[in-house]
Structure formats: C-alpha cells, structure tokens
Amino acid sequence: MWASSTANALKISTAASNSAFVISPAFSLSRCFSSVLEGFKYANSHEWVKHDGPVATIGITDHAQDHLGEVVFVELPEAGKPVTQGGSFGSVESVKATSDVNSPISGEVVEVNTKLSETPGLINTSPYEDGWMIKVKPSNPSELESLMGAKEYTKFCEEEDASH
C-alpha cells in the first residue's frame, strides 16, 4: 500500500490550522499514480491522442506503460499506411508481455517516431512526449468525440484496476 502513504505525502498540513490541502498538478493522478494529461483524448484500450491542427499524435498512456513494465521493442507502421479506429497499428514488447497498439482514430500515418527503434524505453520515461508513436492525418476528426477526456479516463483506470 505504498500508494496510500505516497498519497498522504502529497498532502501538506499547516501548523496554524488542522486543514490540509493537496498540491494540484497540471495533470490528474489515478490510484496507481499514472499521469493523465488534460487536452488529450483516451481510448479504453489505453492509447492517447493529441489533435493539433491537421495532425494527431498517438501513443500509449502512462497507465499502459506502467502495467507493461520495461518496454524493450516497438513495432510501428511505415508512413503512408492507413489506420482504422480500434484497429491495431503496431505492437509493444515489454519484459512482461507483447501487446498490440490500437489507433484511437482513423487516418493516414504521416510520421513515425523512429527514436523508438533505438530507444524503446522512451515509452516508459516519457509516454506523452518523447515516447509518442505515430502522427496521423485524421480522416474522420469526429471520432475524437467518442474518446474519453482526462477525468473520464482517470475514472476508467481506477475502476479497471479495482476489478482486477
């Protein structure tokens, strides 16, 4: 139950009163302390998408990489390949398991994070920044509306973890 003691450590008590306040980071924290960023959309298969102009960046969530463990190999598509919402576009191999990675939206791959072939651990150390996987030109941007926001995804992860 290290998570409970860590959660308590995030509370700061003031000597002048018995009240406590919690530091409010720029992201939400789930029970397992995986970061969930505002402004991103999340699939129930634990991929994220950040839509910015004509391109959407996709990767796996901090929650997913935490459950996978150390990522040792990543298989990604080539630029120009189509992806379909909910369809597999690659895989991630960790010391624990190999998992398919699904696209949260449909479109055409316009860029692949080639750094991951040399340094797959970027998915562990920086899942929302350096560990992004593909960039897609969305073919149906309205698909983003079917995905979860940060609060919904945090709740989804908490409920999923509680059921295991």
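The protein is annotated in an unreviewed UniProt entry as Glycine cleavage system H protein of Sesamum angolense. Note on the protein: under the UniProt heading Subunit (unreviewed entry), the record states "The glycine cleavage system is composed of four proteins: P, T, L and H."

K.L.:
Tell me about the overall build of the protein, and name the residues and values.
P.N.:
In terms of regular secondary structure, the protein is built from 5 helices and 13 strands. Across the 164 residues of the protein, 42% fall into the buried class. Across the protein, every contact between residues at least 6 apart in sequence was considered, and the portion connecting residues at least 24 apart equals 61%. Summing over all exposed atoms, the protein offers an accessible surface of approximately 9,200 Å²; the carbon and sulfur share of this is 52%.

K.L.:
Could you give an account of the side chain of Asn-102, naming the residues involved and the relevant values?
P.N.:
Mapped onto the secondary structure, Asn-102 falls in strand S11 (residues 98–102). Looking at Asn-102, its side chain comes within polar contact range of the main-chain nitrogen of Ser-88, at 3.4 Å. Setting aside residues no more than four positions away along its own chain, Asn-102 makes contact with Ser-45, Glu-47, Gly-86, Gly-87, Ser-88 and Phe-89.

K.L.:
Please give an account of the side chain of Asn-113 that cites residues and values.
P.N.:
By the secondary structure assignment, Asn-113 is in the loop between strand S12 (107–112) and helix H3 (115–118). A residue is classified by how much of its surface remains accessible, and Asn-113, at 4% relative accessible area, is buried. In terms of polar contacts, Asn-113 uses its side chain to reach the backbone amide nitrogen of Lys-115, at 3.2 Å.

K.L.:
Kindly report on the sheet that holds strand S9 (residues 82–83), identifying the contributing residues and their values.
P.N.:
Read across the open sheet, the 6 strands follow the order S5-S6-S7-S13-S12-S9; overall the sheet is antiparallel. In the strand order of this sheet, the two ends are held by strand S5 (41–42) and S9, each with one partner. Of the pairings in the sheet, the one linking S9 to S12 comprises 2 bridges and is antiparallel in character. Bridging across to S12, Val-83 finds its partner in Gly-107.

K.L.:
Kindly report on the environment of Ser-146, identifying the contributing residues and their values.
P.N.:
Position of Ser-146 relative to the elements: it lies in the loop between strand S13 (134–138) and helix H5 (150–162). With relative accessibility at 54%, the residue Ser-146 sits in the exposed group. Here the alpha-carbon distance between Ser-146 and Lys-41, two residues 105 residues apart in the chain, equals 9.1 Å. Side-chain polar atoms of Ser-146 contact the backbone oxygen of Glu-143, separated by 2.7 Å.

Cut-off values and rules
- Residues numbered from 1 in each chain as written.
- Predicted model: local features only at pLDDT ≥ 70, side-chain atom pairs only at ≥ 80, totals over all residues.
- Heavy atoms only, no water.
- UniProt positions renumbered as here; feature names shortened; annotations may be inferred.
- Helix = DSSP H or I, 4+ residues; strand = E, 2+ residues; numbered from the N terminus.
- Buried < 20%, exposed > 50% of the residue type's maximum accessible area, 1.4 Å probe, protein only.
- Contact = heavy atoms within 4.5 Å.
- Areas by Shrake-Rupley, 256 points an atom, 1.4 Å probe, with all protein chains shown as cover.
- Polar contact = N/O pair within 3.5 Å; in protein donor to acceptor, adjacent residues only side chain to side chain.
- Pairing = 2+ DSSP bridges.

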